[in-house]
Amino acid sequence: MTGIEYADFVDDGYEPRDTDLVCQFVLDPGEGMSMVDAAGRVASESSNGTWAALNVPDRVTELSATAFDIGDGEVTVAYPGDLFEAGNMPQILSCIAGNIMGMKAVDSIRLVDCEWPEELATSFPGPQYGSDVKTEILDAEGRPATATVPKPKVGLSTEQHAQVGYDAWVGGVDLLKDDENLTNQSFNRFEDRVKQSFEMRDRAEDETGDRKDYLVNITADTETMLDRLELVAEQGGGFVMVDVITCGWSAVQTVREHAADHGLAIHAHRAMHAAFDRLDHHGVSMRVLAQVARLTGVDHIHTGTAGLGKLENEDTPGINEWLSGDLYGLSDVLPVASGGLHPGTVAPLLDALGQDIIVQVGGGIHGHPDGTEAGARALQQAIDAYQDGVDAATYAEDHPELATALEKWGTG
Ligand code: CAP
Ligand code: MG
């Protein structure tokens, strides 16, 4: 038997093993605590220690986490792979981002980044398509894919919603997208919306000759999501949208399994992420949330607009780079830039993030003075201008829809 107490969870010279899940935290120790005291409590509480010293068989200490690299307000913690259940994201998060977020030993603590060991990472499926949606489901090779959310967010009737979709598709947008707070309300029922929108989609495809699709928000309790997913598949859709933070990762894992049965890609919206990641000294970073999303198998995820637009962002380029980087052969994830974008923001956005993204523009299309179709054309013209290496204002000289958009919202 060995006694384990907080100090046993600290070893500043520790060298992580290939099988460890290695997590970086920033933390502010609680009153009267040194960094080492706080770090030991974090490693203990998130693995197999508690406030009381325990006498345990030696085997148990092999599952203990180790805090090392303890710096000024920073600590790295290595978790033995065997601490985790393969393929169970809620279990992993209950350890590495669980009780420690509220323990008195820290005034604040933020999980900043993780390095995932191969065995644990590959116990998850990862995305089915990732950036391949651009060629396998859409005709968006060599350019950013485009999406639009009808605005107002809620309140359009089913017919109005489907009409907005049609106007946007024929104006050049690839993807219609439901807003996060539109699911199955009395004024716009899910089943009718899906059926009518796909009828319009088929018309737009016939007229344009391009593949068009619809990011259908199936967000609900998990059973209902699976029913909705079946309906989308029956109607010939290629995508379902899940609001991954509000639904939870368990639901995402279940949807991923069923989506694969139908070859449906998953679009991850991230409403409520800012409750975890907005404070830079507390919570869970967007970088880690994006890692979790990739492992659990979403094909797209919103990662922000590199500081443009209406919402606060955490390091969009760095997160996107991680999403496209190697992860033991798991597919990449296509990032979605969204939030206050309009045609005038296209050039700085693509400069910052490259073209392997989805550009989602809601208000910046539907708020166009000449309506949705003109707004969609203006967006496409801004992308064409960028690809031709011409600045938007010059391109607008003989592209009236873009000219009107730039006049209304400016550039950048
Ligand atoms: C954008 C949007 C998206 C946000 C999500 C909205 O509309 O539909 O939900 O961009 O934020 O409801 O605000 P606009 P994020 O294009 O009209 O701004 O991508 O940061 O997760
Ligand atoms: Mg929205």
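Residues numbered from 1 in each chain as written. Chains lettered and ligands numbered in written order. Predicted model: local features only at pLDDT ≥ 70, side-chain atom pairs only at ≥ 80, totals over all residues. Heavy atoms only, no water.

Draft legend 1. A look at the UniProt feature "active site" (unreviewed entry) in the chain. The positions that UniProt labels "active site" (unreviewed entry) are, in the present scheme, Lys151 and His269. Using a relative accessible area of 28% as the deciding quantity, one classes Lys151 as partly exposed. Apart from residues no more than four positions distant in its own chain, Lys151 is found in contact with Leu156, Asp179, Gly362, Gly363 and His366. With respect to the secondary-structure elements, His269 resides in strand 11 (residues 265–269). Once you skip the residues sitting within four places of it in the chain, His269 turns out to touch Lys177, Glu180, Met241, Val242, Asp243, Val244 and His302. (UniProt positions renumbered as here; feature names shortened; annotations may be inferred. Buried < 20%, exposed > 50% of the residue type's maximum accessible area, 1.4 Å probe, protein only. Contact = heavy atoms within 4.5 Å. Helix = DSSP H or I, 4+ residues; strand = E, 2+ residues; numbered from the N terminus.)

Draft legend 2. A look at the sheet that holds strand 6 (residues 106–115). Taken in spatial order, the five strands line up as 4-5-2-6-12 in an open sheet, and their pairing is mixed. A single partner strand is all that each edge strand has here, and the edge strands are strand 4 (66–68) and strand 12 (283–284). Pairing analysis gives two bridges linking strand 6 to strand 12, with the strands arranged parallel. Bridging across to strand 12, Arg110 finds its partner in Gly283. Against the sheet, helix 3 (residues 89–96) touches strand 2 (21–29), strand 5 (74–79) and strand 6, its axis set at about 35 degrees to strand 2. Across the face of the sheet, helix 12 (residues 286–296) comes into contact with strand 6 and strand 12 while running at roughly 45 degrees to strand 6. (Pairing = 2+ DSSP bridges. Axes fitted to C-alpha atoms, helices over the stretch in contact; angles between N-to-C directions.)

Draft legend 3. Inspection of the nonpolar core at higher detail. With 85 residues, the main nonpolar core has Leu21, Phe25, Tyr79, Ile96, Leu111, Trp116 and Trp249 as its most contacted residues. Here the element with the most residues in this core is helix 12; it accounts for seven residues. Both of domain 1 (9–123) and domain 2 (132–409) provide at least three residues apiece to this core. Grouped together as the second largest cluster of nonpolar side chains are 23 residues, Leu308, Ala337, Ala396 and Leu402 included. (Core = buried A, V, L, I, M, F, W, Y, C linked by side-chain atoms within 4.5 Å. Domains from an automatic or database assignment.)

Draft legend 4. Representation of the side chain of His368 within the structure. With respect to the element layout, His368 can be found in the loop between helix 15 (363–366) and helix 16 (372–388). Of the polar contacts made by the side chain of His368, one reaches the backbone oxygen of Glu401; its length is 2.9 Å. Ignoring any residue separated from it by four or fewer positions in sequence, one finds His368 in contact with Gly363, Ala374, Gly375, Ala378, Glu401, Thr404, Ala405 and Trp409. (Polar contact = N/O pair within 3.5 Å; in protein donor to acceptor, adjacent residues only side chain to side chain.)

Draft legend 5. Just the pattern of salt bridges, in detail. Evaluation of the coordinates by the stated rule reveals 15 salt bridges. As a salt-bridge pair, Lys195 and Glu191 come within 2.9 Å of each other at their nearest N and O atoms. Of the two residues, Lys195 and Glu191 both sit in helix 7 (residues 190–208), four residues apart, roughly one turn of that helix. Overall, Glu191 belongs to the partly exposed group, its relative accessible area being 43%. Each of Lys151, Lys153, Asp179 and Glu180 takes part in salt bridges that share partners, so that together they form one network. (Salt bridge = Lys/Arg side-chain N within 4 Å of Asp/Glu carboxyl O.)

Draft legend 6. Examining the packing of aromatic side chains more closely. All told, the structure shown has three aromatic pairs when counted by the stated rule. Residue placement shows Arg203 over the ring face of Tyr166; its charged tip is 4.5 Å from the ring centre. The positively charged end of Arg228 is found above the aromatic ring belonging to Phe190, 5.0 Å away from the centroid. (Phe/Tyr/Trp six-rings, centres within 6.5 Å; stacked < 30°, edge-to-face > 60°. Lys NZ or Arg CZ within 6 Å of the ring centre and 35° of its normal.)

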